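The primary structure of each chain is shown beneath.
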Amino acid sequence: MTDQHHGGPPGPDLWDEETPERLYVITGGRSASTGHRSIELVSLVVTQAGPDPMTPPEQAAILRLCTTPLSVAEISAYLHLPVSVITVLLAELQGRGGVQVRGPVPIAVLPDRELLEAVINGLQRL
Amino acid sequence: MDYRGSEPEGFGHESAQETGGPRREDLLPHTAAAAVKVVVVGGFGVGKTTFVGAVSEIRPLTTEETMTQAGAGVDDPSGVRTKTRTTVAMDFGRISIDERLVLYLFGTPGQERFWFLWGGLFEGALGAVVLVDTRRLEVSFDVLGRLEERGVPFVVAVNAFPESPRYDVEDLRAALDLPPAVPIVTCDARAQDSGRDVLLALMHYLHSLTTALELT
């Protein structure tokens, strides 16, 4: 048993061990398919309440990361965990009021004109 | 998105292995309320990562998923089918549109099996940019067909590699069997303004589709 299991998030060497078993442990065996479709790749996540000593390390890492809005994809990249795992962790955090999830702009068949005009204006400023 | 390390994109792309979190200059303002996405699709080596990196305000990041496949068992003398796990990586970037709206760009290969890994990669996307290399037009056929099937609006961006043959736009349209309305633009995937113009072409195209829909 090493010290890595006590306190704080695991070191970078542990993050790299992408074994299915490890991911299963992190998510507590829950899967993304159990209905959290409101959380997707470009949902923006903002921390509402910081981690407490009981918060599991991966969830604590998310809470520390999202003090300003970050997309699910960015959280996945920074924590080196698949989006499918991040989604499960976020659903739990959201349930406890730990994070606010700002859903993507809903797109019907086609995006609406005002949205497109906003994007066009933004791109023209690049 | 590619098998790690197998794509010779090579231009200005650093492995986006980040630790810790975003750099101070990469933080979004608290007012960021919602995001939209555009998917950049193209074959291996066509310049997706380069394109994403050139227009992105952050250094491109990578998200990974694990794909499990039944192996053919070629190396296995017993002939037992083995399962292989492959890590598939998808690169993405970000553009802040204004204080409330953020645009994300995801680079993905054309094979549908990758799209499922990030369930709903195209769901809710504004549209797609199909990046093509005129030296290998044939690899684009399947992608274009699949996007049409899914009803994802797209523009075609020809990444003008110096050694690529130049074609007239209408010849390309005929070769790719594209309807007259679909924009075809030439770009240099390494240049920010060129990538921005491709995205603008997509937005103007979407705008025209929306306007046409409203008139019906």
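Look up a bit, the structure's there.
This text gives an overview of the structure that appears in the document. (Residues numbered from 1 in each chain as written. Chains lettered and ligands numbered in written order. Predicted model: local features only at pLDDT ≥ 70, side-chain atom pairs only at ≥ 80, totals over all residues.)

### A closer look at the overall build of chain A
Now for step 1: From N to C terminus, chain A includes six helices and three strands.
Now for step 2: Seen in sequence order, chain A has helices and strands lined up from the N terminus as α-α-β-α-β-α-α-β-α.
Now for step 3: By the burial criterion, 37% of the 126 residues in chain A qualify as buried.
Now for step 4: Of all intrachain contacts in chain A linking residues separated by at least 6 positions in sequence, the fraction that spans at least 24 positions is 69%. (Helix = DSSP H or I, 4+ residues; strand = E, 2+ residues; numbered from the N terminus. Buried ≥ 20, exposed ≤ 12 C-beta atoms within 10 Å, placed from the backbone. Contact = placed C-beta atoms within 7 Å.)

### What to know about helix α5 (residues 192–215) of chain B
Side chains three or four residues apart in an α-helix point the same way, a direct result of the helix having 3.6 residues per turn.
Now for step 1: Taking 1.5 Å per residue as the helical rise, α5 of chain B with its 24 residues ought to reach 34 Å, and the 35 Å between its terminal C-alpha atoms agrees with that figure.
Now for step 2: Of the residues making up α5 of chain B, those classed as buried are G195, V198, L199, L202, M203, L206 and T210 of chain B. (Expected span 1.5 Å × (residues − 1).)

### Section: the pairing of strand β2 (residues 34–41) of chain B
All names here are of chain B.
Now for step 1: Most of β2 is tucked away: seven of the eight residues are buried.
Now for step 2: By the bridge criterion, eight bridges tie β2 to strand β5 (residues 101–108) in an arrangement that is parallel. Counted as the bridge partner of K37 is Y104 from β5. (Pairing = 2+ DSSP bridges.)

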